[in-house]
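Chain by chain, the residues run as shown.
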Amino acid sequence: MTDIPQGTLDVMVLQCLHSMGPLHGYGIARRLEQVSEDAMQLKQGTIYPALVRLQEKGWIVAEWGVSENNRKAKFYSITRTGRKQLVVETTQWKTLAATMARLLKVTE
Amino acid sequence: MMPDYLRGLLFRARNFFLRNRTEHEIDEELEFHLATLAERHAARGMTADEARLASLREMGGVTPTREAYRDQMMFPALESVVQDIWYGCRALRKNPGFTLTAVAVLALGIGINAGIFSIIWTLCFRPLPLPDAEHLAGINGRTVQGIQRRILSYETFSALAEQGKDQVDLAAYTPYYSVQVGSTPAAAPGVVRAALVSDNFFSMLRTPARLGRTFAQGRSTDVPSVVVSYNFWLRRLGGEASATGGSVRLNQQLFTVIGVMPPEFTGPDVTLPEVWIPLRDESILQPGRELQKNRTERRLIVIGRIQPNVRLTEAQAALSAIAGRMPASPSDREAIRSVVLYRAVLFPLNSEMKAFAFVLMLPTALVLLIACANLANLLLARAARRGKEIATRMALGASRRRIIQQLMTESLLLAVLGGSVGTLLAIEMLRTGSQYLFRITGGMGYALPVFSLDTGVWGFTLGVCMIAAVVCGLTPALYASRRDLAAATRQDAGATHSTRLRNGLMIVQVAVCTVLLSAAGLMIRSFQKSMVTEPGFATTGIVALQFDLGNAGFSAMRAEAFQKQVRSRLRGSGHVRDLAQADAPPLSDRPMISLATNGTAVSASPFNHVSPDFFRVMGIPLVAGRSFFETEIAAKAPVAIVSQATARHLWPGEAALGKSFRIQADVNSAPLEVVGVAADTRSVWLSRVDEDYVYLPLDFSARSQSAVLLRLDRDTPAVRSELSDVMRAMNAELPVSIASMNDSLNQWRLLPLAGSAVAMCLALAALALAGVGMYGVMSYLVSQRKREFGIRIALGASKAAVLSMVLRQGFRTVMVGLALGVAGAVALARVLMGSFYGLSPYDPAAFLFVVCFLGAAALLSMFGPASRAVRVDPAISLREE
């Protein structure tokens, strides 16, 4: 298990909302846990400051709604600028990952 | 697109303003999260409690999550500041004694300083309220001996103006002039203050007329012209726009009014002229008086506008070189050899006034110093008392930074409170002071500016106090937050080093207070002395009637006849015991003449033309020779009487009788023979014996100022008004002033009186501050030693013994302060000796009084806390630890 590097959480949340549609905080946390298959340690509370950061930047918006278990919950969804940003971040990550992979292979 | 930081700010601001809703939503959202987690765990078969605990673990705790969430949503730093301010307010309110004292201390310090320095700044340092004033410079001449003279001769002015015009555009004026105004349709005749000015005066000051125009250079019209003040225009010309181009009678001569100045224009001076007349027209006002002819007579004030791209120092060097090239006899002590340029201000400080300003500024600054020392003491003592509170907060997890930030906030809060009250105090003081000064000086023909709080001065004073508060607040904060927590919670403060600091501050306060009280004491003594010092001439029962026949348009013959009539009518009035005549009574402003013996040693001296009876009436003894004879007066004989001091200057070690000297201004006249030597008097400055004084025989046909000096049987207002009636019966149009010598003497005593009053006020403020300071320090020191006292008393010491020990130790500190203060006061008095009348640094009575008074005050302020400390039951004070 490893900690989540700074800044990665934001991209993960964006990607999550992009592929799954509107989700509440719990839903996002669950989804991240499932995807990472417990490879990463995530205190679920830490996603909330990340959600605020993304709202401040205007990449996601929040809206109150009713959850599947019939409770009042805040649902987050990705905005158009959020999608654009996701494309940018995804490209960056791919480039970085490819570079890292090459670099590590060479040094091996 | 909105920039990211702005969007973020708006987002947080919205959350902050709706913070109740925001917090509620946060709670709700987190609650949903927890509940859903718990549901899932319960579905797997956990009990409700287990499920809840597991959810909390998975979340990472509710409180930290909420805090992180909240911090991200709003402004955590701002909130802690707001919190600190609230906490500070509560702490200050909880301790009203401390708060009030500290605020009062600060307010007094800031108020007095901002007020007094604003006045001095406005008068003596602020650029003139004229266009482009930063390029205006006042010009002082410097004599061979290095003495600065503000009043210069026409010769000097014209040389500087002509040869130095590439550096400075020079103008000259003389504000000490008055003219008689004939009746106008709007007003009766009267005397107004006038200024004679060079043609370029207004253009150099860059002030256009409000109506009409000002003087043009190289005027060629035959009719003399005058520019009048707004006030003159309103009162005497009826405020008609058609007034310009009209004429007005000045000293019986017709002048054309060519312009009216705007109401706010008062010229470059504190004197307030009502009319401005070109210098060259003086001969029209007073036939025979002509500056251009009388070139060496010193009457002009010179002011200039430095040309663009020329620096003040360059201009000064250029003008000095011109002055140095001017021909002058090597023995002329009064010859101007160089000049000094200074930024033009309303009231340039000459050496006389510098001392006065210094007397005002020094104690003011000292009061600020005391206030700061006091504040430091109060904050130190308070921080020490709060050691326990601080330690508790730190033990509960407050960071050191947080504690320091909080203590600083409190100090700043105090500074802001004190500053606001002080500012109000200063504004109020300036407003009242302005009105009062305006009332008394308006009648004297002076135009004082309206004093208002100067932003620079205010900022500086406030800054000093803020810094003092912050520094003083910081020291205990650092100290308190560094302490061993365990020891501090037991309130076991072994604060020896801060005790030393506090004692030092107390010594400073006592010393400064001693200086101020001593200064006040010495000034009061000086005032007392000035009340009993004999001026060297008689004053009781002496009344001076003054009029100006020249201005009233009398011919020489008429003047002589009129004065003869005046003398006989006054003698016949039944009140007059004796009578003499002179140009002016003693203690009036007199022009200077240069004295020369055999063309060598030259001395500048004030002079007075007097009648033979002058010495008898004024009670001035002649130590050698005789007074003038009536025949000498009639024949205009070349004789003179000199004062003892002048005799010593002109002929050191020799008898003056029979010697002769010349008045340098008229080289062609016969040398004057000394027929008598008069005792020295204080006719120029009441504060000192005249350095020189020359009496010349009165010429009754001279049409200038005249004073008739009367010795009355009884000097009452009724008698004086009767004498005025006698004068009016002879000539209703002639303005006559009547004043008793005692009154003019008392005017001269106003300066030391004002000095003592100001010094007294400042000293009382200092005393109050120092008293508070000593009380505070004593309370603190005693409270620190409660346990020790308890042990002493438990071991059998009597309460009286402990009390006297405490007082003895406290008094030792006070004694050091007193000794330092007395030394400082003696030094100060030595500096001021020259300017204040009979001010002597060696006045044991004054010092003894101050020391006893302050000592008693110190004992009194220490006694309260000390006796309170020993009254406590030792069992209680021992258990308290």
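Right, let's walk through the structure included here. (Residues numbered from 1 in each chain as written. Chains lettered and ligands numbered in written order. Predicted model: local features only at pLDDT ≥ 70, side-chain atom pairs only at ≥ 80, totals over all residues. Heavy atoms only, no water.)

Points about the overall build of chain B
Using the following cut-off: Secondary structure counts use DSSP, requiring at least four H or I residues in a row for a helix and at least two E residues in a row for a strand, with both numbered from the N terminus. Working rule for contacts: check all heavy atoms of both residues, and any pair within 4.5 Å makes them a contact. Exposure was quantified through the Shrake-Rupley algorithm and a 1.4 Å probe, taking into account, for residues, occlusion by the shown protein chains and nothing else.
Broken down by element type, chain B carries 28 helices and 23 strands. Counted over contacts in chain B with a minimum sequence separation of 6, partners at least 24 positions apart contribute 79%. For chain B, the accessible area works out to roughly 40200 Å², and carbon and sulfur atoms hold 60% of it.

Digging into the packing of helix H3 (residues 47-57) of chain A against helix H4 (residues 62-73) of chain B
Applicable threshold: Simply put, an axis is a line fit to the C-alpha atoms, just over the touching stretch for a helix, and the angle between two N-to-C directions goes from 0 to 180 degrees. Comment on the angle field: the value is read as roughly parallel under 35 degrees, roughly antiparallel over 145, roughly perpendicular from 65 to 115, and oblique elsewhere. When the near helix sits turned anticlockwise from the far one by under a right angle, the crossing is termed left-handed; a clockwise turn instead gives a right-handed crossing. Residues are grouped as follows: Ala, Val, Leu, Ile, Met, Phe, Trp, Tyr, Cys and Pro are nonpolar; Asp, Glu, Lys and Arg are charged; all remaining types, including Gly, are polar.
Running from amino to carboxyl end, H3 of chain A crosses H4 of chain B at an angle of 10 degrees, the nearest separation of the two axes being 8 Å. With respect to H4 of chain B, the axis of H3 of chain A lies roughly parallel. For the pair H3 of chain A and H4 of chain B, the crossing hand works out as right-handed. From H3 of chain A, Tyr48, Pro49, Val52, Arg53 and Glu56 of chain A reach across to H4 of chain B, where they touch Thr65, Ala68, Tyr69, Gln72 and Met73 of chain B. Taken together, the residues of the contact of H3 of chain A with H4 of chain B sort by class into 6 nonpolar, 2 polar and 2 charged.

Quick word on the environment of glutamate 79 of chain B
All names here are of chain B. With respect to the helices, strands and loops of the structure, glutamate 79 is situated in helix H5 (residues 76-94). Separated by 63 residues in the primary sequence, glutamate 79 and phenylalanine 16 have C-alpha atoms spaced 9.7 Å apart. In this view, glutamate 79 contacts Phe16, Arg70 and Met74; residues no more than four positions away in its chain are not counted.

Some words on helix H11 (residues 312-325) of chain B
Residues and elements named next belong to chain B. Basically, it comes down to this: By definition here, a helix of n residues has an expected span of 1.5 Å times n minus one. Partly exposed residues are those whose accessible area sits between 20% and 50% of the maximum for their type, while under 20% is buried and over 50% is exposed, using a 1.4 Å probe and protein chains only.
Its 14 residues give H11 an end-to-end C-alpha distance of 20 Å, which sits within 8% of 20 Å, the value for a rise of 1.5 Å per residue. Listed in full, the buried residues belonging to H11 are Ala315, Ala318, Leu319, Ser320, Ile322 and Ala323. Residues of H11 that are buried make contact with strand E1 (136-143), helix H7 (154-163), strand E4 (168-181) and strand E12 (336-343).

What to know about the nonpolar core
All names here are of chain B. The condition is simple: Remark: nonpolar core denotes a set of buried residues (Ala, Val, Leu, Ile, Met, Phe, Trp, Tyr, Cys) joined through side-chain atoms within 4.5 Å.
One finds Cys513, Leu516, Leu517, Phe789, Val806, Val814 and Leu854 to be the most contacted residues of the largest nonpolar core, which totals 51 residues. Of all the secondary structure elements, the ones that give two or more residues to this core are helix H6 (96-125), helix H12 (351-385), helix H17 (496-532), helix H24 (750-784), helix H25 (786-794), helix H26 (799-832) and helix H27 (844-871). By residue number, the principal contributor to this core is H24, which donates 14 residues. Look past the residues within four positions of valine 806 in its chain and what remains in contact with it is Met778, Val782, Phe789 and Ala866.

With respect to the pairing of strand E11 (residues 298-306) of chain B
Residue and element names in this part refer to chain B. So the rule is basically this: A pair of strands is treated as paired once DSSP finds two or more bridges between them.
The element E11 is extensively covered by neighbouring structure, given that 8 of its 9 residues are classed as buried. Here E1 runs beside E11; their pairing, made up of 4 bridges, is antiparallel. Along E11, the bridge assignment pairs isoleucine 139 with valine 302. Bridge count for strand E3 (residues 151-153) against E11 is 3 bridges, and the pairing is antiparallel. Pairing of serine 153 across the sheet is with arginine 298, part of E11. Two strands pair when backbone bridges link them, and E4 and E11 are joined in this way by 6 bridges, in the antiparallel orientation. When the sheet's bridge partners are listed, alanine 172 is paired in E11 with valine 302.

Digging into the interface of chain B and chain A
It is common to give the size of an interface as the accessible area that goes away when the parts come together. This is how the line gets drawn: Simply put, the buried area is the total loss of 1.4 Å probe accessible area from both parts when two parts are fitted together. By definition, a salt bridge exists where a carboxyl oxygen of Asp or Glu is found within 4 Å of a side-chain nitrogen of Lys or Arg. What qualifies as a polar contact is a pair of N or O atoms within 3.5 Å, subject to a donor-acceptor requirement within protein and to the restriction that residues adjacent in sequence count only when both atoms come from side chains.
Taken together, the 25 residues of chain B in the interface contact 26 residues of chain A. In total, about 2400 Å² of surface goes out of reach between chain B and chain A, with carbon and sulfur atoms giving 56% of it. It is Glu29, Phe32 and His33 of chain B that lose the most area in chain B upon contact with chain A, and together they represent 26% of the buried surface on that side. For the salt bridge of lysine 72 of chain A with glutamate 28 of chain B, the shortest nitrogen-to-oxygen distance reads 3.3 Å. Counting every contact that joins chain B to chain A gives 11 residue pairs in polar contact (both at pLDDT 80 or more).

A word on the sheet that holds strand E3 (residues 72-78) of chain A
Residues and elements named next belong to chain A. Strand order in this open sheet of 3 strands is E1-E3-E2, and the pairing throughout is antiparallel. With partners counted over all chains shown, the strands left at the sheet margins are strand E1 (23-24) and strand E2 (60-66), one partner each. Relative to E3, E1 runs antiparallel, the two sharing 2 bridges. Paired with histidine 24 across the strands is phenylalanine 75, a residue of E3. Relative to the sheet, H3 contacts E2 and E3, its axis offset from that of E2 by approximately 120 degrees.

A look at the side chain of serine 153 of chain B
All names here are of chain B. Relative to the assigned elements, serine 153 resides in strand E3. Exposure remark for serine 153: the relative accessible area of 5% places this residue in the buried category. Each residue touching serine 153, except ones within four places of it in the same chain, is listed here: Arg295, Thr296, Glu297, Arg298 and Leu300.

Notes on the pattern of salt bridges
In the structure shown here, the tally under the stated rule is 28 salt bridges over all chains. Here glutamate 25 of chain B and arginine 21 of chain B are joined by a salt bridge, their closest N and O atoms 3.3 Å apart. Here glutamate 25 of chain B pairs with arginine 21 of chain B, and both are found in helix H2 (residues 19-43), just 4 residues apart, close to one helical turn. Since its relative accessible area comes to 17%, glutamate 25 of chain B is described here as buried. The salt bridge involving arginine 431 of chain B is made with glutamate 428 of chain B; its shortest N-O contact spans 2.9 Å. A residue pair is termed a helical-turn pair when its members lie 3 or 4 positions apart in one helix, as arginine 431 of chain B and glutamate 428 of chain B do in helix H14 (residues 400-442) at 3 residues. Taking the relative accessible area as the measure of exposure, glutamate 428 of chain B reaches 39% and is therefore partly exposed. Three or more residues joined by partner-sharing salt bridges are found here, namely Lys74 of chain A together with Arg21 and Glu25 of chain B.

A look at unusual backbone geometry
Among all residues save glycine, negative phi is the norm, and among peptide bonds the norm is trans. Residues and elements named next belong to chain B. At arginine 206, a residue that is not glycine, the phi angle is positive and equals roughly 55 degrees. With respect to the helices, strands and loops of the structure, arginine 206 is situated in the loop between helix H8 (201-205) and strand E6 (211-212). Phi is positive for asparagine 251, which is not a glycine, with a value near 45 degrees. Among the secondary structure elements, asparagine 251 is positioned in the loop between strand E8 (247-250) and strand E9 (253-260). Residue asparagine 251 is classed as buried on the basis of its relative accessible area of 2%.

So, the pairing of E1 of chain B
All names here are of chain B. Within E1, 7 of the 8 residues are buried, which leaves it mostly tucked inside the rest of the structure. As judged from the 7 bridges shared by E1 and E12, these two strands associate in the antiparallel manner. Paired with glycine 141 across the bridge in E12 is valine 339. Bridging between E1 and strand E2 (residues 148-149) involves 2 bridges; their strand directions are antiparallel. Opposite glycine 141, over in E2, you have arginine 149 as the bridge partner. Linking E1 back to E2 in an antiparallel pair, the connection comprises 4 residues, with glycine 146 at a positive phi of about 85 degrees.

Quick word on the environment of valine 872 of chain B
Among the structural elements, valine 872 of chain B can be located in the loop between H27 and helix H28 (874-879). Between the C-alpha atoms of valine 872 of chain B and phenylalanine 789 of chain B, which are 83 residues apart in sequence, the distance is 9.2 Å.

Focus on the packing of aromatic side chains
Applied cut-off: Between 30 and 60 degrees the pair is tilted, below 30 it is stacked and above 60 it is edge-to-face, where a pair is any two Phe, Tyr or Trp rings, Trp via its six-membered ring, whose centres lie within 6.5 Å. Charges are assigned to positions over rings by a cutoff of 6 Å between ring centre and Lys NZ or Arg CZ, combined with an angular limit of 35 degrees from the ring normal.
This model, assessed by the stated rule, comprises 19 aromatic pairs over all chains. Centroid distance phenylalanine 201 of chain B to phenylalanine 202 of chain B: 5.1 Å. Interplanar angle 80 degrees. Geometry classified as edge-to-face. Residue classification places phenylalanine 202 of chain B among the buried residues on the basis of a relative accessible area of 1%. Relative to tryptophan 233 of chain B, the ring of tyrosine 230 of chain B has its centre 5.6 Å away and its plane inclined at 50 degrees; by these criteria the two rings are tilted. With tyrosine 230 of chain B and tryptophan 233 of chain B both in helix H9 (residues 230-236) and 3 residues apart, this pair spans about one turn of that helix. Overall, tyrosine 230 of chain B belongs to the partly exposed group, its relative accessible area being 21%. Owing to a relative accessible area of 7%, tryptophan 233 of chain B belongs among the buried residues under this scheme. An aromatic cluster of three or more residues is present, and its members are Tyr173, Phe201, Phe202, Phe215, Phe265 and Trp276 of chain B. Cation over ring: lysine 72 of chain A sits above tryptophan 64 of chain A, and NZ or CZ is 4.8 Å from the ring centre. Sitting over the ring of phenylalanine 700 of chain B, arginine 567 of chain B keeps its end group 4.2 Å from the ring centre.

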